[in-house]
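One-letter residues, chain by chain:
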Amino acid sequence: MSTAAAVALVVRYGICLLFLPFSALDKVFNFGGAVRQAGEVFSPRPLAAAVLLCGLAIEIVCTLGVVAGIADRACALVIAGYCAATALLYKRFWAAGDFWSDPGGKGRTLFWDFLKNLSLGAGFLLLVVGTDGSGLRPFLHAPLASSHPYRSTP
C-alpha cells in the first residue's frame, strides 16, 4: 500500500470513527436507552425503534462503504444527510429556551453539538464532491461507483 493510500485510509476511518465502532456499539449495548432517546422525537415506541435501527444500519453499512471505498460517495452522501437530520431532530438548541439567557445552559451546549453534526456532515460531503468540486460530475454520472480512494497512480 502506498503512503498516499495509507493516509487516505487513516483519514477516511478518522472521519467515520464516531459512528463505527462507538455510536453503533452504543446503540447495540444500550438499545433501550437509545430507543428512549429516539422516542423523544418519534412516537410510538415501535417507530422509535425502527428509526434507531435505520440509524444503526447507516452507521454500519455506510461507514464501511466509506472506509472500504465501495460506493463510497453515495455512502458519504447518506451519512452527510444523517448528520444533518440528527442535528435538526436531536440538537434543537432553539427549543431549550435558554440559548440567549444562559451561556452555560442546555441551549448553548446543544448549539455546539448542532454545529458539530453539521460540520461532520460537511466533511462527508467533501468525500462526495472532492475539495475542488471535481467529484460532483462523476458522482452524478455513477452515484454507486467507487471513487477508488486507494488506487495507486504512477
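To be clear, the structure that these remarks concern was listed above.
Residues numbered from 1 in each chain as written. Predicted model: local features only at pLDDT ≥ 70, side-chain atom pairs only at ≥ 80, totals over all residues. Heavy atoms only, no water.

### A word on the pattern of salt bridges
Line of reasoning, step 1. Evaluated as defined, the whole model comprises two salt bridges.
Line of reasoning, step 2. With a closest N to O distance of 3.1 Å, arginine 12 and aspartate 72 form a salt bridge. Of this pair, arginine 12 sits in helix α1 (residues 3-16) while aspartate 72 sits in helix α5 (residues 72-90), and the two are 60 residues apart along the sequence.
Line of reasoning, step 3. For lysine 27, the salt bridge goes to glutamate 59, with nearest N and O atoms at 2.9 Å. Remark: glutamate 59 occurs in helix α4 (residues 45-68) and lysine 27 occurs in helix α2 (residues 18-29); sequence separation between them is 32 residues.
Line of reasoning, step 4. On the accessibility criterion, glutamate 59 (2% relative accessible area) is buried. (Salt bridge = Lys/Arg side-chain N within 4 Å of Asp/Glu carboxyl O. Helix = DSSP H or I, 4+ residues; strand = E, 2+ residues; numbered from the N terminus. Buried < 20%, exposed > 50% of the residue type's maximum accessible area, 1.4 Å probe, protein only.)

### Description of the packing of α2 against α4
Packed helix pairs are specified by the crossing angle of their axes together with the interaxial distance, meaning the distance between the axes.
Line of reasoning, step 1. Close contact between α2 and α4 brings their axes to 10 Å; oriented N to C, the two are set at 155°. In terms of their interaxial angle, α2 and α4 are classed as roughly antiparallel. Once α2 is placed against α4, the crossing between them reads as left-handed. Contacts between α2 and α4 involve Phe19, Leu20, Ser23, Ala24, Lys27 and Val28 from the first element and Leu52, Leu56, Glu59, Ile60, Thr63 and Leu64 from the second.
Line of reasoning, step 2. Tallied by class, residues from the contact of α2 with α4 come to eight nonpolar, two polar and two charged. (Axes fitted to C-alpha atoms, helices over the stretch in contact; angles between N-to-C directions. Parallel < 35°, antiparallel > 145°, perpendicular 65-115°, else oblique. Left-handed = near helix turned anticlockwise from the far one by under 90°. Contact = heavy atoms within 4.5 Å. Nonpolar A, V, L, I, M, F, W, Y, C, P; charged D, E, K, R; others polar.)

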